[in-house]
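Now for the letters of each chain:
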Amino acid sequence: VVWSGAFTKTELEELYRNATISNVLRDFNAIGLPNGSYGILKMFESMEAGLPILCSDVKINREIIQQYGCGICVDPYNVKAIGQAIRYLCTHREEAYNMGQHGRKAVKERFNWEREYVTYKEVFADVIIFFVQTNDINVKQSNINSQVYDCTIMGQRYEDLEINLIGEHQIN
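Nothing here was measured: the structure is a model prediction, and the numbers come from that model.

Scoring rules and cut-offs
- Residues numbered from 1 in each chain as written.
- Predicted model: local features only at pLDDT ≥ 70, side-chain atom pairs only at ≥ 80, totals over all residues.
- Heavy atoms only, no water.
- pLDDT = per-residue confidence, 0-100.
- Helix = DSSP H or I, 4+ residues; strand = E, 2+ residues; numbered from the N terminus.
- Contact = heavy atoms within 4.5 Å.
- 1 Å grid on protein atoms, 1.4 Å probe; cavity = no way out; pocket = protein on both sides within 12 Å on 5 of 7 lines; lining within 4 Å.
- Points joined across faces, edges and corners; volume = space filled by probe spheres on them.

**Points about the confidence of the model for the protein**
And then number 1: For the protein, the average pLDDT comes to 80, and 74% of its residues sit at 70 or higher.
And then number 2: Between the elements of the protein, mean pLDDT differs from a low of 53, seen in strand 4 (residues 137-141), to a high of 98, seen in strand 3 (residues 71-74).
And then number 3: In this model residues 141-146 is a low-confidence stretch, pLDDT under 50, and it forms eight contacts with partners more than four residues away in sequence or in other chains.
And then number 4: Predicted confidence for residues 164-172 stays below pLDDT 50, and this span has 16 contacts to residues more than four positions away or in other chains.

Here is the structure:
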């Protein structure tokens, strides 16, 4: 076990290259997220690096681990379970390697910024459509040849707001 302290992004890449397992244990109850969070980027960075994950046994993590076979979930306060999981991954190197490769594949196919960008655009388009439908938004195009608008949302004015809507969601 190596405790690295603070490090730069370049040093992080080196740490991932030299690591055997990625520890993503957190007490999510302590931060008010008993089901976990997709916001723990370390998990996805570790998966992208091809490392098997040792993570807290919470709903979101458990679903990812079960669906993609990329690690082991344990109670973050159960020292014995943590030790057994570490021992298992260290003594079953081929299986640990395969878990890491499954995680890497999951990041390429599902947990990546390109895919999340599409999701965010859809959510924001739906929010704007909601405001249009409830008459809580007033939009006018700043320039006929641009995607920049002046908006009033629930009484708050926003000038030169760039809105790139997708699919059938268009503002007239």
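The structure having been displayed, the exposition proceeds.
**Looking at the layout of surface pockets**
And then number 1: Considering only enclosed or pocket space, the second largest pocket measures out at about 400 Å³ in volume.
And then number 2: Residue lining of the second largest pocket: 14 residues in total, with Phe44, Phe111, Asn112, Trp113 and Glu116 positioned closest to the centre.
And then number 3: Only helix 2 (41-48) and helix 6 (113-133) provide two or more residues apiece to the lining of the second largest pocket.

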